[in-house]
Amino acid sequence: MSLLGAHTPAAVPGARFMDPAVLARIGNLELVSRAVCDGFINGLHKAPYFGASVDFAEHRGYVPGDDIRRMDWRVWARTDRYYIKEYEAETNMNFTVLLDVSKSMDYGSRGITKFDYARILTACLTNLVHHQRDRVGFVAFDSEVVEHVPPSAKHMDTVLHVLDRLKPGRPGGKMREPLHKLAEHFGRRGVLVVISDLYEDPEAIVDAVTPLRFRGNDLVVFHVLDPAELDFGFSDAQAFEDLESGDQMPVVPDAMRKEYVSLVTAHVDALQRRFSEVRVDYELLNTSQPLDHALYKYLAGRAKRTRLR
Amino acid sequence: MSFIAPLFFVALAALAIPVLIHLIQREKKQIIRFPSLMFVQRVPYKSIQRRRVHNWLLLLVRMAALALIVLAFARPFFLGQDLGAVAGAGAREVVILLDQSYSLGYADRWERAQAAASEAVDGLGPADRGSVVLFSSGAEIALRSVAAGERQRLRAAIDVAETTAGATRFAPALKVAGSILADSALPRREVILISDFQRGGWRGEEGASLPEGATVTPVPIAGGADAPNVAVNAVSLARSTFSNQERVAVSAVVVNRSAEPLAGGQLALEIDGRSIQTEALDVAAGSSASVTFAPVTIAGRFLRGSVRATPDALDADNVFHFVVSPVVPVQVVVVDRGGTGSAALYLTRALAIGDAPRFETTVRQPDALSDADLRGASVVVINDVAVSAALGRRLARFVESGGGLLVALGPRAAWPQGVDILPAALRERVDRTRDDAARIGALEYGHSVFEPFRAPRSGDFSAARIYGYRAVETDPSAQILARFDAGAPALLERQVGAGRVLLWTSTLDLSWSDLPLKPVFLPFIHQAARQLSAYAESPPWLTVGQVMDASFGESTLSLGGAVVLTPSGRQVPLDEEGADVLELSESGFYELRTGESDSVATVVASNVDSVESDLTAMDPQDIVAAATAGAGEGARSAAAGGAPPPEAQEQSQRLWWYLLCFGIVLLGADTLISNRMSKA
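Because the structure is predicted, anything quoted here is derived from the model rather than measured. (Residues numbered from 1 in each chain as written. Chains lettered and ligands numbered in written order. Predicted model: local features only at pLDDT ≥ 70, side-chain atom pairs only at ≥ 80, totals over all residues. Heavy atoms only, no water.)

## Concerning the interface of chain B and chain A
Phase 1: Across the boundary between the two partners, chain B contributes 24 residues, which contact 34 residues of chain A.
Phase 2: Across the chain B to chain A interface the summed buried area is about 2900 Å²; carbon plus sulfur atoms make up 67%.
Phase 3: In terms of surface lost to chain A, no three residues of chain B exceed B:Phe34, B:Pro35 and B:Phe39, which account for 25% of the buried area on that side.
Phase 4: Put simply, chain B and chain A have one salt bridge between them.
Phase 5: Residue B:Arg33 is joined to A:Glu241 by a salt bridge in which the shortest nitrogen-to-oxygen separation is 3.5 Å.
Phase 6: For the pair chain B and chain A, the number of links is five residue pairs in polar contact (both at pLDDT 80 or more).
Phase 7: Those elements that provide at least two residues to the side of chain B that touches chain A are β2 (32-34), α2 (38-42) and α3 (46-49) of chain B.
Phase 8: Ranked by the residues each element gives to the side of chain B that touches chain A, the list is headed by α2(B), at five residues. (Contact = heavy atoms within 4.5 Å. Buried area = accessible area lost by both parts, 1.4 Å probe. Salt bridge = Lys/Arg side-chain N within 4 Å of Asp/Glu carboxyl O. Polar contact = N/O pair within 3.5 Å; in protein donor to acceptor, adjacent residues only side chain to side chain. Helix = DSSP H or I, 4+ residues; strand = E, 2+ residues; numbered from the N terminus.)

Below is the structure:
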């Protein structure tokens, strides 16, 4: 992570590494996303892999029908052979965020709910991608699809507007149904980002998510969890109510913290393992961490991927 | 330690509040909404369900704070020895009162009482002084005001002590303790009262109060009351005569005062130390049984009988002693003119009736009265006869040596000049036949002759009509026991030498009065004869604590070198010069032996006090309150003089202040702890 280490906050102090709880209070998603991303982009200004559309990838032999404009004349001058310059990525791609808006996302123990965090993250990613002139789309789902904004270069405002309106209300069910339905819609290759708290069996999650990769889409899964869900830092014996099902049960946190944490860790480990098996990027996000962290992780992961290819 | 306001302990119920807060209140907080219970539900259920106290430290701190505050409000103060710990200054004068009544012999109570006394001795500080007073019905100072350095002597006095046959009486012991404390110059005075606190030992006696500033620490020796305890409470003796021999049927009442029934026990009748009859004995708990033995012939004087029950936890009250002797009749000689005109009919008939005592009457004419008659007689009745000078002198000797003389006056009565034993000089007859007859007016009911008639409706002397009587000139040494309505003496008494003389100024037949026809005549004659013969029925037994005097039983005993043999075999000489009484201190038979012949003069049966066998305990605080009531007043009056006791009292009560402070400090600590915890 020399990347992260090399770039200390410089350009817009205060915008970067902002406490998500503070950002959540701003309210205006566009403002928030800009505040985060501007600083972010400035900070990454000299990153060698930034801007995929102009990235040189390799040479290949000229075949009749190739555009002569892409001929590498310098190579011809040296070797007297025709070579075509190939570039890394398509300059503009479809970028769609799939946001879980089930009731369980509406939980936050430290001033910001997972939903708000995910919303800001979505806004930031969308903003970032929009600056690259990529097409942005957005899908909100719980047990079925709630909102669908198809990817388009002009949909940035729509996405932010929809995001602004969204409220988690209904309990989420199986992810499989809405995601499988959506998988058919992403015909063109692009990047899909799934943001959810993934309260389901790891196998069921992987089963639900993998179809999204089928048409060559890059898939990134952000697993958003509140710190309380990770460390179970309750002390008093109380009744706990499930946000989705409404079930209640008495809980003595001190007595079961160890078991709970180990179960969550096992869950995360299982997800990590299974997603890496199916070549899906998986990232666990803690809502107490600044948003930049998530963005770095995303981009660093993308960069690594690109280099490998 | 005691409390001034123990009612505040009700507030200890508030201790439940922290517990409830810790256990229940937390559960009732608002429900925590959690994204998903997916993992929570996977954790084994039992560890979730179990409710328990989370923070023992916090709970304990809170409870301790509450308890301390309640304790402070109850105003604890120290008594007795504990006072020393608080006050810390001032040497003590400690009087250890050790109950040695026979009820302490129940189970292991005596050993525990001794241990408690030794403990009290050990509690003496270096500057203290200690006394040991042993008490039962009386109190005895075993050691008086010994320095604490001589603990060994105190301990030895306690170890040597044994239970006696006496009953518990607290008042004498407290008085003795009071006198020891009053003599002490030490600033603090304390009485340690070690007893089984039987209810029977305290009658709310006044005057048993201790000097000012003195405290009483009761040490109750109780417990072990589950063993059966029977007591032979009383014996009744029914005399009868069978073929000229006197017999006595003994009935014994056995009381079981414990909560355990006694079954399969035995009750034996012992005569002169030999068991002659045994009856089975079953007594239910808290009740009594009566056992009657077959009659026993009274073979001779001082038949010693004992009724003995099977041994139990308290042995001393299982035996009951008594002494029976054949009835000795009172010999009465009636001196009468005899013949057909005998006036002695009513008198002799009246004396022939009755058993206790029995009178054996001999009628003699004045000239036939022999010296032998006088020697054998206890009482001589001169019934309206003229007494010659010689007879008069003989009668005077008889009276001076202890005999009794009753002189009834009539028309013939005359008394020789020069023999001055009559209570009055005889004068002329007063004739009341013409007007109203005379009545007997004023009676000296305080005198033993008329004592039985004292109560209302127990004999009406005024019903008798007296038609004639002799006027008399009263001797200054005589006492007028009855008067006629006109004021003239009717009955006079005079003490002459060892005997006494009664003078009845009318006749004892119908010639001058109709008194012999009245119901009061017979008891009057009997009482007069009893009085003259100094008859005293010897009781078949006495109780420990009563005194036996040398005249017991036999009035004519010569005391030269008399010795009393106690049941334990000790010989106690009876001093002629005054200390001729002996307090009974043991249960059994006391023998009084006269010096010259070493013959048994009398035998007295001594029994333990049956009240003592009732082991019901009383509240020692009654005694403490009564004994220190005066002390409290004294302390108050002494407060102006700046005496130390009030300071010590204040000192002993100051504990509440510390308790309250500590309780508040704990509450502060509780706040700190809970703040820290809620931050964590």
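## So, the confidence of the model for chain B
Residues and elements named next belong to chain B.
Phase 1: Summary statistics for chain B give a mean pLDDT of 82 and a share of 88% for residues scoring 70 or more.
Phase 2: Across chain B, element-level confidence peaks in strand β20 (residues 404-408) with a mean pLDDT of 93 and bottoms out in helix α5 (residues 80-87) with 44.
Phase 3: In the predicted structure, residues 633-644 sits below a pLDDT of 50 and forms eight contacts with residues beyond four places in sequence or in another chain. (pLDDT = per-residue confidence, 0-100.)

## Concerning the side chain of B:Thr168
Residue and element names in this part refer to chain B.
Phase 1: By the secondary structure assignment, Thr168 is in the loop between α7 (151-160) and α8 (170-183).
Phase 2: The buried category is assigned to Thr168, whose relative accessible area is 0%.
Phase 3: At a separation of 3.4 Å, a polar atom in the side chain of Thr168 contacts the side chain of Asp99.
Phase 4: A distance of 2.6 Å separates polar atoms of two side chains, one belonging to Thr168 and the other to Glu612.
Phase 5: Setting aside residues no more than four positions away along its own chain, Thr168 makes contact with Asp99, Ser101, Ser103, Phe135, Ser136, Ser195, Asp196, Gln198, Gly200, Gly201 and Glu612. (Buried < 20%, exposed > 50% of the residue type's maximum accessible area, 1.4 Å probe, protein only.)

## Side note on the nonpolar core
Phase 1: With 44 residues, the main nonpolar core has A:Leu98, A:Met175, A:Leu179, A:Leu212, A:Val221, A:Phe232 and A:Phe275 as its most contacted residues.
Phase 2: Setting aside chain neighbours within four positions, we find A:Leu212 in contact with A:Leu98, A:Leu179, A:Ala183, A:Phe186, A:Leu192, A:Val194, A:Asn217 and A:Leu219. (Core = buried A, V, L, I, M, F, W, Y, C linked by side-chain atoms within 4.5 Å.)

## Observations concerning the sheet that holds strand β9 (residues 248-251) of chain A
Phase 1: The three strands are arranged β9(A)-β8(A)-β2(B) in an open sheet whose pairing can be described as mixed. Bordering the open sheet on either side are β9 of chain A together with β2 of chain B, each of which pairs with just one other strand. Averaged over all neighbouring strand pairs, the angle between strand axes comes to 35°, with direction disregarded. (Pairing = 2+ DSSP bridges. Axes fitted to C-alpha atoms, helices over the stretch in contact; angles between N-to-C directions.)

## A closer look at the sheet that holds strand β7 (residues 218-225) of chain A
Residues and elements named next belong to chain A.
Phase 1: Read across the sheet, six strands follow the order β5-β4-β3-β6-β7-β10 without closing on themselves; strand pairing throughout is mixed. The open sheet has two edge strands with one neighbour each: β5 (145-152) and β10 (281-286). Each strand of the sheet is rotated relative to its neighbour by a mean of 15°, with strand direction disregarded.
Phase 2: Sheet topology note: the β7/β10 ladder contains six bridges and is parallel. Bridge pairing links Val220 to Asp281 in β10.
Phase 3: Packed onto the sheet, helix α7 (residues 176-183) meets β3 (94-100), β4 (135-141) and β5 and runs at close to 150° relative to β4.

## Here we look at the pattern of salt bridges
Residue and element names in this part refer to chain A.
Phase 1: All told, the structure shown has 38 salt bridges over all chains when counted by the stated rule.
Phase 2: Glu229 is paired through a salt bridge with Lys114; the nearest N and O atoms lie 2.9 Å apart. With Glu229 in helix α9 (residues 227-231) and Lys114 in helix α5 (residues 114-131), the pair connects residues that are 115 residues apart, well separated along the chain. Each member of the pair, Glu229 together with Lys114, is buried.
Phase 3: Among the ionic pairs, Arg176 bridges to Asp207, the shortest N-O distance being 2.3 Å.

## Let's talk about the packing of helix α4 (residues 56-73) of chain B against helix α15 (residues 655-679) of chain B
Residues and elements named next belong to chain B.
Phase 1: Where α4 contacts α15, the axes come no closer than 8 Å and their chain directions differ by 160°. Between α4 and α15, the angle falls in the class roughly antiparallel. The interaxial crossing formed by α4 with α15 has left-handed handedness. Where α4 approaches α15, its residues Leu57, Leu58, Val61, Arg62, Ala64, Ala65, Leu68, Ile69, Leu71, Ala72 and Phe73 are matched on the opposing element by Trp656, Leu659, Leu660, Phe662, Gly663, Leu666, Leu667, Asp670, Ile673, Ser674 and Met677.
Phase 2: Of the residues belonging to the contact of α4 with α15, the class tally is 18 nonpolar, two polar and two charged. (Parallel < 35°, antiparallel > 145°, perpendicular 65-115°, else oblique. Left-handed = near helix turned anticlockwise from the far one by under 90°. Nonpolar A, V, L, I, M, F, W, Y, C, P; charged D, E, K, R; others polar.)

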